[in-house]
Amino acid sequence: MTVTLGPPLTDAPARIRVDPTEPAVRRRFRPGPGLLAAGAYLVLLVVAAASPAALAPADPLAADPLAVLSPPGAGHWFGTDHLGRDVLTRVVHGAGHSLTIGVAATAIAVTGGVLLGLLAGLTHRVADEALSRTLDALSAFPMLLLALLFIAIAGPGTASLIGAIGIATLPHHARVVRGQTLLVRRSGFVEQAVTFGQSRPRLVLRHVLPNVVGPVPVLAVIGLGEAVLAAAGLSFLGMGPQPPSPEWGAMLSEGRNYLQVAWWISILPGLAVTATVVSLTVVGRHWQARFDGRRR
Amino acid sequence: MAPLVTVEDLHVDFDTPTGRVAAVRGISFTVDRGECVAVVGESGSGKSVTARTLVGLAGPGARIRAARLDLAGEDVRTHRARDWRRVRGRLAGLVLQDALVSLDPLRTVGAEVGEVLTTHGIVGRRERAGRVAHLLDLVHLPEPERRARQYPHQLSGGLRQRALIASAIAGEPALLIADEPTTALDVTVQAQILRLLAERRAAGVSLLLISHDLAVVAQVADRVLVMRDGRVVENGPTDRLLRAPEHPYTRQLLAAVPSASSRGRRLAATPPVAGARVALPARVEVRPADRVLDARGLTKRYGEHTVVRDVTFSVGRGETLGLVGESGSGKSTVARIVAGLLDPEAGTVSFEGTPWSAVRERTRRPMRRRLQLISQDPLSSFDPRYTVGQVIGENLDPDVDRRDRRPHVVDLLRRVGLGPDLLDRHPRQLSGGQRQRVAIARAIAPRPSLIICDEPVSALDVSVQAQVLDLLAELRAADGTALLFISHDLGVVHHLSDRVLVMHDGTVVEQGPVGDVFTHPRHDYTRSLLDALPTLVAAGRPQEERP
Amino acid sequence: MRALRAVARRIGAGLLVLWVAATAAYLALLAAPGDTVDNIIGDGADTPDIRAEIIAQWGLDRPAVVQYVDYLVRLVNGDLGRSYLLQRPVSDVIGEQLLPTLALAVAAAGLGVLLALVIAVATAGNRRPWLRRLSSGTELLLVSTPSFLIGLLLLSVLSFRFRFFPVSGDQGAGALVLPAVTLALPIAGLLAQVLRDGLDRAIDQPFVLTARSRGVRERGVLLRHALRHALLPAVSLAGWVFGIVIGGTVIVEQVFGRPGLGQVILSAVANQDMPVVLAVVTLSAAGYVVVNTAADLAYLLVDPRLRRS
């Protein structure tokens, strides 16, 4: 037992309060320009995924032999590719692929992760040990290789990508949830609730579950960014939706043969991936910071 | 000769995201050579910032203004980083609270102490080990050569603190600044560290002692400065300040210290009445024979380590039993066993005449509401998602109608001195004292016959502690609730308890009526505890009001 | 003695994970579609005699448990099986292509760690706010950008435009520079974030205040005190970095047309040459376990507090 009087004294001035009876004034939430831009981009992305024609009415597969490899300009903002297809139209139509794969894979990973994590965190030590070791073993496989193994069994395509990325990222989520569950189970307020005479199921439902599951959406947003990145990588290797589907990674792969003469075919879809992941990370981190602030 | 330290009209402001905050607002003082000056204040008084400003470490974002800021004849107001480095360790050494975190946990004690020597080029590489051993010997660290090779976590709290002091005096500075140097320590160790500091002062070092505890600094300081809200409210020789405090705040601080002489009276007078104490409401009759709780032969082991050994005691209806012990004495383990959160290896607990330990949780559950627990850190005992209203409402009788719950909670808040405006606030938005009041409101909600209070006031400032102790005393008188009051602070226990239990190394070394045990201790350990206890000079205490 | 026990426990945990991983790989093989015999025959002649011979030769008629134990025994002896496609021992196929991949992985990991250290130490604390903002923005970009895009950008600028480096191939050290940089940048981005976070947290600790009060320079505070504390969380990421590097080599080898394990596994996946796929996957899991166990042991070395229990 250690006894501390007064706040811990560190070199951080932000924690200095003049009146100890007056809690620090909480700052009102004001989103910065970065967060706004990231949010706007994500909204655009969702619109593009839901109804791409609203943003880019042209056909993403329509080739125009008269306008092959034309650079970005007034007619084609992102230029055209080796078949004369409009790159912007294809990027817009590709959003659906990326988001579908990302969201579905994250859903698998988060759902499975939460269930396994809760199971490990709430059950007996033996079950926990067995589950944890299995998760350890599963995370020993590098994500990309595990995905390749999955594809070797199930063949390339969207469904394979979803399954592969979902399973490969599941152990991480399961571990986080398990850790959080143990933390909450051993926390002071759960112990205190025991002294109120609450039954175990009631304790779990009222105190453990809400505090474990609360941060999960935040995790999911950041995990979604990783899934989109992984999907692009696997598609680049030819394991995802097959050409001529306008998938971002696949577009890069197709365009890289023309890199020397027409950089826009491959670089611009790549930048779409980067912008998506950056936006998701910015929004996710901000949410997380707010969440942590609320719990402190 | 000019003073070693001269401070005139010092202001320290901090730029924070929420605006500029004034931490120190125009203070002046001096420290003479060989003098010990203490700065006393509660949290937020600006005492630590003042200390750190003297070594240029007030922190990033600090804005410092002063009419004079002299250290050993040097004007340090215009000092740049280089100049400060020359001052630190060589002109002034700094000792912080709790060496477990104030010494680098990844480096050996020897490396930490030796760092000063290398930084200032005091001794060559070859003589370093010898000098480090000499320094550790100087602070009475046994086996200095072996200790120098150990890491901070391998040393006990007291030895660690000695090592920290050794590192601060390694550069032979004329000024030693000690910021809460004994705060995390047990009372017996605290006494040793204070003796060590006094020894350094006798060797000619000036001391600037920062503390929240008047009784502690009274042991060594020549002069005391009382700070509040960034200002010095009173400054005078220790004797005079304790004997005849001039400022109402100083008086209030002195009156707030619980002890034998404050029994039965309020610690926090509202409004503060000079030199007078107000009696607490009379209590219902205490019936020790009618036992609420009976613990026999409790034993608990962790691995090969026995933390609690054959502990037997009982609590009578309406009685307050104090449980005193230093860290590691096993008192918190006893609290957890009694609270039914931990099963003992041997021994039994019975509560209100029914078996309490070694029964299924299902059996215990209906009785749970009769026995409540208040812990040291109320915030961690609240679900982080809950508002104050939900926290308290959770412990209401489940049969209370949904519509009646809110008035119930408001009533409970009123009983602990809080307004209904807090209902929808989150506990983390409250101050430490308010949080502990919420915890108390939650504990009294089911009208328990016994409340276990595990160090309930240890994290609070002395004036807030006084208010919370007064509140507990009032509630106890009104409800006739028995308390098992666990604390490391003998003064607090003496103030509040009817009987006391002294624990040491997992066993009860002595128990009896609080007056007997504290005035005629029979066990050596109790005696050493009482000897180590820093007390305010009796004459300095405010006059008692005759009942 | 206690330290020794801690070491033994960590190695034991590593072996356990390795065994579970090998078993998982075996189960994956069973889950593979199509008949094993069909896969082995491929486009070759298909008669009942040949089928019987294959079944006998590969021991496919034995009970599943026996095959599993046999698989484990062979694995321990370094026998990774035969490639269906190439009809050669898998260990030979991998052995030939291991070196270029290893060179790339080591170069990238080393460069990434070095870059991260320099960036984190230069931007920790609040000494140069503008530099800090710039570097955390850059790190976010690097972490969020697919490595093939980084590679293509580097190629189009440094190789096509300025012709500083060869476009592809594995000739000499020059050909290693761009792939290694491509792979190192995202690693540096993430590690720099973790390290700087750790440094910032350490700087807020009381022991740093104590060190400063001794007159220690800011550089000394960072390097002698804060950096060790910041290394702890970074070391625990070693296994993760290994995974990224191994996965990354597959993509980067593809971008730069380098030979290596990447080409091997991609063609194996395309042709469902399961022994090769499984061997590469199992090997990388083993590599992960080795790296992770080494990181755990390094942890013990850095933090004396862990040596106790």
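Small disclaimer: the values here were computed from a predicted structure and weren't measured.

## Brief notes about the overall build of chain C
If you tally the helices and strands in chain C, you get 13 helices and 0 strands. Of the regular secondary structure in chain C, the N- to C-terminal order runs α-α-α-α-α-α-α-α-α-α-α-α-α. Projected onto the principal axes, the alpha-carbon positions of chain C cover approximately 85 × 60 × 30 Å. Looking at the 309 residues of chain C, the share that counts as buried comes to 47%. Long-range pairs, those at least 24 residues apart, make up 71% of the contacts in chain C with a sequence separation of at least 6. Distance between charge centroids for chain C: 23 Å, based on 27 positive and 21 negative side chains.

## Focus on the domain arrangement of chain B
Split by domain assignment, chain B resolves into domain 1 (5–91 + 176–255), domain 2 (105–172) and domain 3 (290–384 + 447–531). The straight-line distance from the C-alpha centre of domain 2 of chain B to that of domain 3 of chain B is 40 Å.

## Observations regarding the interface of chain A and chain C
Where the parts come together, the accessible area they lose is often given as the size of the interface. The interface of chain A with chain C comprises 41 residues on the first partner and 49 residues on the second. The junction of chain A with chain C conceals about 3900 Å² of combined surface from both sides, 78% of it contributed by carbon and sulfur atoms. Its largest share of buried area at the contact with chain C, chain A owes to Phe141, Leu145 and Ile153 of chain A, together 15% of the area lost on that side. Here chain A is connected to chain C by 0 salt bridges. Seen at the junction of chain A and chain C, the total is 4 residue pairs in polar contact (both at pLDDT 80 or more). Among the elements of the structure, α4 (125–140), α5 (143–154), α9 (216–236) and α11 (264–295) of chain A are those that each provide at least two residues to the side of chain A that touches chain C. A total of 11 residues in the side of chain A that touches chain C trace back to one element, the largest contributor, which is α11 of chain A. Its residues assigned to classes, the side of chain A that touches chain C shows 26 nonpolar, 9 polar and 6 charged.

## Focus on unusual backbone geometry
Residues and elements named next belong to chain B. Positive phi values are uncommon outside glycine, yet Ala72 reaches one of about 50°. Structurally, the position occupied by Ala72 is in the loop between β5 (68–71) and β6 (74–75). Under the relative-accessibility criterion, Ala72 is labelled partly exposed at 28%.

## Brief notes about the pairing of β5 of chain B
Residue and element names in this part refer to chain B. With 4 bridges connecting them, strand β1 (residues 5–16) and β5 associate as antiparallel partners. By the bridge assignment, Thr6 is partnered in β5 with Asp70. In this sheet, β6 lies alongside β5 in antiparallel orientation, the contact comprising 2 bridges. Opposite Leu71, over in β6, you have Glu74 as the bridge partner. Hairpin geometry of β5 and β6 is characterised by an intervening segment of 2 residues between the two adjacent antiparallel strands and by a positive phi of about 50° at Ala72.

Cut-offs and rules
- Residues numbered from 1 in each chain as written.
- Chains lettered and ligands numbered in written order.
- Predicted model: local features only at pLDDT ≥ 70, side-chain atom pairs only at ≥ 80, totals over all residues.
- Heavy atoms only, no water.
- Helix = DSSP H or I, 4+ residues; strand = E, 2+ residues; numbered from the N terminus.
- Buried < 20%, exposed > 50% of the residue type's maximum accessible area, 1.4 Å probe, protein only.
- Contact = heavy atoms within 4.5 Å.
- Lys, Arg positive; Asp, Glu negative; His and termini not counted.
- Charge placed at Lys NZ, Arg CZ, Asp CG, Glu CD.
- Domains from an automatic or database assignment.
- Buried area = accessible area lost by both parts, 1.4 Å probe.
- Salt bridge = Lys/Arg side-chain N within 4 Å of Asp/Glu carboxyl O.
- Polar contact = N/O pair within 3.5 Å; in protein donor to acceptor, adjacent residues only side chain to side chain.
- Nonpolar A, V, L, I, M, F, W, Y, C, P; charged D, E, K, R; others polar.
- Pairing = 2+ DSSP bridges.

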